[in-house]
Amino acid sequence: MAAGGTMSGISGDAVVSLRDVHKSFGATEVLGGISMDVGRGDVVCIIGPSGSGKSTLLRCINALVPVDRGEIVVAGMTVTSPTLDKLALRRKVGIVFQQYNLFPHKTALQNVMMAPIHVLKRDRREVEELARQLMRKVRLSGKEACYPGELSGGQQQRVAIARSLAMKPEVMMFDEVTAALDPETVKEVLTTIRELAEDGMTCMLVTHEMGFAREIADRVYFTDRGVIVEHGPPKELFGSPRDPRTREFLEHVL
Amino acid sequence: MSRPFAVLLPFRPGDGLAGIAGHRADRRAAAGLALAAGLILVHAAAHAATAGAKPAVLETLWRWTPFLLGGFVWNIVISALAMAVGTALGFLLGIAQISQVRAVRAPSWFATQLLRNAPWLVLLFYCMYLLPFQLHVFGTRIGIPDWLKAAFGFALPVMAYVSEIVRGAIRSIPAGQWESAEALSFTRSQTIWMIVIPQCLKRMLPAWMNLYAIVTMASVLANVVGVSEGLTAAREMLAAEQRVELLLPVYAYVLLWFFAYCYPIARATVFLERRWAVAH
């Protein structure tokens, strides 16, 4: 991993930057002041117990969930601004969900092609070429004409990744993308993500795959009850966690 | 109008049973179909022997069949048109019911509930009197025939039912579909028309077909407001023949036509429901 090079000067080169982000659902505070910076090409993993606000954090970054307080800047765009162009933002940030959420009435290839054609208004033939290329990239050549219902969970998730990539985002976010998968298909999805990271894609992952986080991440953030408890390179965070809460969590999951 | 009702004769069990027994061996069709057919045949058989100078019941029915069918066609025309208009408008009303704008959502909800909870006959009367008998468009007079008004009258409840079917189907689409569409920058109307509605069609079809069968059967109500259709034809035939023994066979015959038309729709609905039950 290119961890060493990107660690310094993050704040100047940040693609995603959060400052003191707060979010509550009713009386429940889900994010209690989150600040973080993700540099271009960085791979950041967010770990922590369920309900610690990890998924909400990702949804705030692409404005699926509005924040209560704080500032989020993505690729030079202020997400928290009231004049935000959501369409422009979401072209820069792709997100893949735990439940894949492919469109079941469209084939795999059509799933990948839909957004570039109808949202970006790009030429159909061009898009089809790109889509086929992306299907190859996620190692699903030959499955273009399959409907989501005919694919395994792992295959569907890789189509979802290709669908997101078709928008040519600058940042990819993965929200527990392997949590709903059979163990044997987890690996193929992780391989796809690993290859993306190696290509230099900026990635933010919420994950329970500690081994994968340790291997792939430049930095790991441990969150609990809406705050970042501690963060650092995986070697440090997994090897010698400073906070007792981190230690306790890692003891449970490792 | 009330001519035939005064002289309804009691059912004669002896003849009736003989009639049923005679035809039992031939019964192959579905139970309901056989029942309707049986009703006719009972009377046909009963009166074939005793009719004397008058032509037999079956023969009379056969002779009047083109005329009766000519009436029945209007039931199909009225109900099909009511479904077409009601479905198109109901679709829009259903989508308006899930609008994010309260000023759109609230009246759509109200209109849906109002029309869904009104007696069809009242709506029918309302339309008959509400709509003019002709329209002036750029100096040309366009007449609005009664059957067309009746079709609009039936289109109102259809619209309300379709509105609810659409709303229910849209709400049954998992939230993840909306979320991923939003994350891919689809606008709300793109999401509705390109992603949500296509998935809804399968879910809506059985309920929609069921509604169609109900509307076809309800279309005889048009008779009450003076529109000629299948039941009108039956009454005209009875009035012309002036034969009491024709009363039950003729109505049973009309029943049979409705059954023959609606039952396949009901079967197809059950088939589709079963086939699509598991698909997402």
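First, a word on scope: everything that follows refers to the structure included in this document. Here the structure is a predicted model, which is why all the values come from computation and not from measurement.

Take the nonpolar core next. Grouped together as the largest cluster of nonpolar side chains are 51 residues, with contacts concentrated most on I47, V112, V159, I161, F174, I193 and L205 of chain A. By residue number, the principal contributor to this core is helix α8 (residues 183–198) of chain A, which donates six residues. Counting residues in hydrophobic clusters, the runner-up holds 35 residues, among them F91, A150, A169 and M204 of chain B.

Any two side chains of opposite charge can pair if their charged atoms end up close together. If you walk through the whole model with that rule in mind, you get 21 salt bridges over all chains. Of the charged contacts, one joins R90 of chain A and E182 of chain B as a salt bridge, the two residues approaching to 3.4 Å between their closest N and O atoms. Highlighted residues: R90 of chain A in helix α4 (residues 86–92) and E182 of chain B in helix α7 (residues 175–183), drawn from two different chains. The exposure class of R90 of chain A is buried, given its relative accessible area of 6%. Overall, E182 of chain B belongs to the partly exposed group, its relative accessible area being 30%. The salt bridge involving R225 of chain A is made with D224 of chain A; its shortest N-O contact spans 3.8 Å. Judged by its relative accessible area of 65%, R225 of chain A falls in the exposed class. On the basis of relative accessibility, which here comes to 9%, the residue D224 of chain A falls in the buried class.

A separate point is the pairing of strand β2 (residues 28–39) of chain A. Residues and elements named next belong to chain A. Both strand β1 (residues 14–25) and β2 contribute to a ladder of nine bridges, which runs antiparallel. Counted as the bridge partner of L18 is M36 from β2. Between the end of β1 and the start of β2, which pair antiparallel, lie two residues, with G26 showing a positive phi angle near 65°.

Time to look at the sheet that holds strand β9 (residues 219–224) of chain A. The strands making up a sheet associate through backbone hydrogen bonding, with each pair oriented either parallel or antiparallel. Residue and element names in this part refer to chain A. Ordered by their spatial adjacency, six strands build an open sheet running β6-β7-β8-β3-β9-β10, and the pairing between neighbours is mixed. Edge positions in the sheet fall to β6 (93–96) and β10 (227–232), since each has one partner strand and no second. Averaged over neighbouring strand pairs, the angle between their axes works out to 20° when direction is ignored. Pairing between strand β3 (residues 43–47) and strand β8 (residues 202–206): four bridges, direction parallel. Residue pairing for β8: V44 is matched across the bridge by M204.

Across the contact, 24 residues belong to chain A and 16 residues belong to chain B. Summed over both partners, the interface of chain A with chain B buries about 1,700 Å², with 64% contributed by carbon and sulfur atoms. One can count two salt bridges joining chain A with chain B. With a shortest N-O distance of 2.6 Å, R59 of chain A and E179 of chain B are connected by a salt bridge. Taken together, the links from chain A to chain B amount to eight residue pairs in polar contact (both at pLDDT 80 or more). Looking at the side of chain A that touches chain B, the elements that each hand over two or more residues are α4, β6, α5 (108–118) and α7 (153–165) of chain A. Top contributing element to the side of chain A that touches chain B by residue count: α4 of chain A, with four residues. Here the side of chain A that touches chain B is built from residues that sort into twelve nonpolar, six polar and six charged.

Each value, and the rule that gives it
- Residues numbered from 1 in each chain as written.
- Chains lettered and ligands numbered in written order.
- Predicted model: local features only at pLDDT ≥ 70, side-chain atom pairs only at ≥ 80, totals over all residues.
- Heavy atoms only, no water.
- Core = buried A, V, L, I, M, F, W, Y, C linked by side-chain atoms within 4.5 Å.
- Buried < 20%, exposed > 50% of the residue type's maximum accessible area, 1.4 Å probe, protein only.
- Helix = DSSP H or I, 4+ residues; strand = E, 2+ residues; numbered from the N terminus.
- Salt bridge = Lys/Arg side-chain N within 4 Å of Asp/Glu carboxyl O.
- Pairing = 2+ DSSP bridges.
- Axes fitted to C-alpha atoms, helices over the stretch in contact; angles between N-to-C directions.
- Contact = heavy atoms within 4.5 Å.
- Buried area = accessible area lost by both parts, 1.4 Å probe.
- Polar contact = N/O pair within 3.5 Å; in protein donor to acceptor, adjacent residues only side chain to side chain.
- Nonpolar A, V, L, I, M, F, W, Y, C, P; charged D, E, K, R; others polar.

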